[in-house]
Amino acid sequence: MMRILLLSQFYPPVIGGEERHVRNLGAALAQRGHHVSVGTLMHPGSPETELDGAVRVHRLHGTLQRLSGLHTDPERRHAPPFPDPELVLALKRLVTQERPDIVHAHNWIYASFLPLKGLRGARLVITFHDYGLVCAKKNFMHLGSHLCSGPAPAKCLPCATGHYGVVKAAATTLGNWASSIAARRLVDRFIAVSHAVARHNGLTQGRAPYKVIPNFVPDDVGVLGPEDACLRELPKGEFILFVGDLTRLKGIDVLLQAYASLERAPELVLIGRRVADTPTQFPSHVRVFSMWPHSAIMHAWRRSLFGVLPSVGPEACATVIMEAMSSGKAVVATDVGGMPDIVDHGETGLLVRSGDAHALANAMQILLDDRGLLTNLEVTSLARVERLKAGAVVTQIEQVYRDVLSSEISRFAAPAQQGLGQPPCR
């Protein structure tokens, strides 16, 4: 049995792919007999300490979290990419209390643990669910319009300024740069959720030890719960389903353009969070729903014809595709980021060029017209999602923990020795 402390800037009731991943990981590790606790940022209305099943959740205060003016969304006050004084002290108390063998941090909250790295001898593992090791905006999109070619001060500061404003951009970019240098020296093992995350974060070119391990869905993800009342709003007949933030980065504008050119198309259902660049109007055959409970989304997947995820940005590792596959559904997705790690083109779904509405429409039309192909994709998806369930993936994460506990990993080993090994999703 290991004592494991998971660190995540957000945790349910704050809901998102990363938060769900940390919760599922904690539950799976606890089920395997490990002592698991979670350290996360305080959320208004939530208790400071509570049990989530067998996992003890500690909600911690941070100095920057109290400054509401710094955060665009008051419900999601992010951890900074540099040590937060109050959060460092709270983490120190938590480590003393929980006495972990492994501290497993997810994204930028790791920066506030770095000053404590030597405390009680705990080993530090960091999972990156995005491109935050090198990108102040985390999405690796230069000026929000095209894939970045790599970090450079002359590029990053102007790019971040357009996103954060001058003062926040300078603090975020410089703080992230300093923390990433420290992390590459101090972290015992990095985990990247896709090959794209490893590559764009510079792990493939550096000496820091890392492993590519995808996100996962629970083993019982296909077991549906009670039906929510919101499901009555779904179309009675066939429909195509998109799940995700309703933003240009997710390809919403490309999807709407592609959908408009389809012949004999069923209704299009969009389920997701509205953001600043969400379209204000939608065509009559497009139904838009915001912030459905996860259980209802899984019912929606089961009722859908197929899914579509036309992200323009390099999606790190789309759990939503795994959920579609676990429901026996094919997905049309773009060939960027971690999507090719999950979707086997022509076998479990179709991949198209990012930002190409014509290619997206053509792929969607193929699935509408060729129901034999659609059935074959569905059958293969349901079979191959087993490699993306907790039983397969959590075992890999456990092995990382054992590796860093059992041996001193040389930080000067050749990248080929500490690199990817076999692709996790192939």
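Notes on the structure in this doc start here. (Residues numbered from 1 in each chain as written. Predicted model: local features only at pLDDT ≥ 70, side-chain atom pairs only at ≥ 80, totals over all residues. Heavy atoms only, no water.)

## Some words on the side chain of serine 179
Our working definition: Strands are runs of DSSP state E lasting at least 2 residues, helices are runs of H or I lasting at least 4, and numbering of each runs from the N terminus. Accessible area is worked out with a 1.4 Å probe on protein chains only. A residue is then buried under 20% of its type maximum, exposed over 50%, and partly exposed in between.
On the secondary structure map, serine 179 appears in helix 4 (residues 166-186). Owing to a relative accessible area of 5%, serine 179 belongs among the buried residues under this scheme.

## Observations concerning the pattern of salt bridges
To be explicit about the condition: One side-chain nitrogen of Lys or Arg within 4 Å of one carboxyl oxygen of Asp or Glu is enough to make a salt bridge.
Across all of its chains, the model carries 19 salt bridges by this definition. Between arginine 3 and glutamate 98 there is a salt bridge, with the nearest N and O atoms lying 3.9 Å from each other. With arginine 3 in strand 1 (residues 3-8) and glutamate 98 in helix 2 (residues 85-98), the pair connects residues that are 95 residues apart, well separated along the chain. With respect to burial, arginine 3 and glutamate 98 carry one shared label: buried. In this structure, aspartate 356 engages arginine 353 in a salt bridge whose closest nitrogen and oxygen atoms are separated by 2.3 Å. A residue is classified by how much of its surface remains accessible, and aspartate 356, at 17% relative accessible area, is buried.

## Topic: the sheet that holds strand 15 (residues 331-334)
Sheets are built from strands paired through backbone hydrogen bonds, the pairs being either parallel or antiparallel. What counts is decided by this rule: Here, a strand pair is defined by DSSP locating no fewer than two bridges between the strands. Simply put, an axis is a line fit to the C-alpha atoms, just over the touching stretch for a helix, and the angle between two N-to-C directions goes from 0 to 180 degrees. Note on contacts: a residue pair qualifies if any of its non-hydrogen atoms lie within 4.5 Å across the two residues.
The strand order across the open sheet built from six strands is 13-12-11-14-15-16, with neighbouring strands paired in parallel fashion. A strand with exactly one partner marks an edge of an open sheet, and here the two such strands are strand 13 (286-289) and strand 16 (349-352). Pairs of neighbouring strands in the sheet enclose a mean axial angle of 20°, with direction left out of account. One ladder, built from five bridges, connects strand 11 (residues 239-243) with strand 12 (residues 267-271); its direction is parallel. In the strand pairing of strand 12, isoleucine 240 is matched with leucine 268. Docked against the sheet, helix 6 (residues 252-260) engages strand 11, strand 12, strand 13 and strand 14 (306-309), running at close to 170° with respect to strand 12. Sitting on the sheet, helix 8 (residues 319-326) touches strand 11, strand 14 and strand 15, and the angle it makes with strand 15 is about 160°.

## Description of the sheet that holds strand 10 (residues 210-212)
Here we have eight strands laid out as an open sheet, ordered 3-4-2-1-5-6-9-10, and mixed in their pairing. The outermost strands of the open sheet, each flanked by one partner alone, are strand 3 (49-52) and strand 10. Adjacent strand axes in the sheet meet at a mean angle of 20°, parallel and antiparallel pairs treated alike. Bridge count for strand 5 (residues 102-106) against strand 6 (residues 123-128) is five bridges, and the pairing is parallel. Each residue of the ladder has a partner; that of histidine 106, found in strand 6, is threonine 127.

## A word on the pairing of strand 14
Using the following cut-off: A crossover gets the label right-handed when its path from the first strand over the helix to the second runs clockwise, viewed with the strands pointing away from the viewer.
Burial along strand 14 is two-sided: the residues Phe306 and Val308 and Gly307 and Leu309 are all buried. Bridge count between strand 11 and strand 14: two bridges; the pairing is parallel. Paired with isoleucine 240 across the bridge in strand 14 is phenylalanine 306. Bridging between strand 14 and strand 15 involves three bridges; their strand directions are parallel. By the bridge assignment, leucine 309 is partnered in strand 15 with alanine 333. With helix 8 bridging strand 14 and the parallel strand 15, this β-α-β connection has right-handed handedness.

## Side note on the packing of helix 3 (residues 153-164) against helix 4
Using the following cut-off: Each angle is binned into one of four classes, with values under 35 degrees roughly parallel, values over 145 roughly antiparallel, values of 65 to 115 roughly perpendicular, and all other values oblique. Crossings are assigned a handedness: left-handed for a near helix turned anticlockwise from the far helix by less than a right angle, right-handed for a clockwise turn. Residues were grouped as follows: Ala, Val, Leu, Ile, Met, Phe, Trp, Tyr, Cys and Pro as nonpolar; Asp, Glu, Lys and Arg as charged; and all remaining residues, including Gly, as polar.
Between helix 3 and helix 4, the shortest axis-to-axis distance is 7 Å and the interhelical angle comes to 130°. With respect to helix 4, the axis of helix 3 lies oblique. The chirality of how helix 3 crosses helix 4 is right-handed. Only Val166, Lys168, Ala169, Ala170, Thr172 and Thr173 of helix 4 make contact with helix 3, whose side of the interface consists of Cys156, Leu157, Ala160, Thr161 and Tyr164. Here the residues of the contact of helix 3 with helix 4 are counted per class, giving seven nonpolar, three polar and one charged.

## Some points on the nonpolar core
Quick reminder of the rule: In plain words, nonpolar cores are sets of buried Ala, Val, Leu, Ile, Met, Phe, Trp, Tyr and Cys residues tied together by side-chain atoms within 4.5 Å.
Within the largest apolar cluster, 107 residues are counted, with the highest numbers of intra-cluster contacts made by Phe190, Trp292, Ile321 and Val332. The leading source of residues in this core is helix 10 (residues 357-369), at eight residues. With near-sequence residues (within four places) excluded, isoleucine 321 lies in contact with Leu309, Val331, Ala333, Met339, Ile342 and Val343. Counting 25 residues, the second largest nonpolar core, distinct from the first, contains Met2, Val22, Val57 and Ile102.

## With respect to the pairing of strand 5
Within strand 5, five of the five residues are buried, which leaves the element mostly enclosed by the surrounding structure. Residues Ile102, His104 and His106 point to one face of strand 5 and Val103 and Ala105 to the other, with burial holding for every one of them.

## Regarding empty space enclosed by the protein
We apply this condition: With a 1 Å grid spanning the protein atoms alone, the term cavity applies to any set of points in which a 1.4 Å probe fits but cannot get out, the term pocket to an open set with protein on both sides within 12 Å along at least five of seven lines, and the term lining residue to any residue with an atom within 4 Å of a point. Grid points are joined across faces, edges and corners, and a volume is the space filled by probe spheres set on the points.
Taken as a whole and assessed by the stated rule, the structure comprises four cavities of 30 Å³ or more. Put simply, the largest cavity is a space of about 130 Å³. Considering the residues around the largest cavity, the lining is formed by 13 residues, among which Cys135, Ala136, Cys148, Cys156 and Cys159 are closest to the centre. Taken together, the elements giving at least two residues each to the lining of the largest cavity come down to strand 7 (141-142) and helix 3. For the lining of the largest cavity, the leading source of residues is helix 3, giving four residues. Each residue belonging to the lining of the largest cavity can be placed in one class, and the counts come to 10 nonpolar, one polar and two charged. Taken as a whole, the second largest cavity encloses approximately 50 Å³ of empty space. Lining the second largest cavity are Gly17, Arg20, His21, Asn24, Phe216, Val217, Pro218, Thr319 and Glu323. Secondary structure elements with two or more residues in the lining of the second largest cavity: helix 1 (17-31) and helix 8. Per-element tally for the lining of the second largest cavity: the top contributor is helix 1, with four residues.

## Digging into helix 10
Rules: To estimate how far a helix should extend, the number of its residues minus one is multiplied by 1.5 Å. Any pair of N or O atoms that falls within 3.5 Å is considered a polar contact. Within protein, one atom must be able to donate a hydrogen and the other to accept it, and sequence-neighbouring residues count only if both atoms are side-chain atoms.
The end-to-end C-alpha separation of helix 10 is 18 Å, in line with the 18 Å expected for 13 residues at 1.5 Å each. Residues of helix 10 that are buried include every one of Ala357, Ala359, Leu360, Ala361, Ala363, Met364, Gln365, Leu367 and Leu368, and no others. Against the buried residues of helix 10 lie strand 11, helix 6, strand 14, strand 15, strand 16 and helix 11 (371-384). Of the residues that open helix 10, the one with a side-chain oxygen 3.1 Å from the backbone nitrogen of histidine 358 is aspartate 356.

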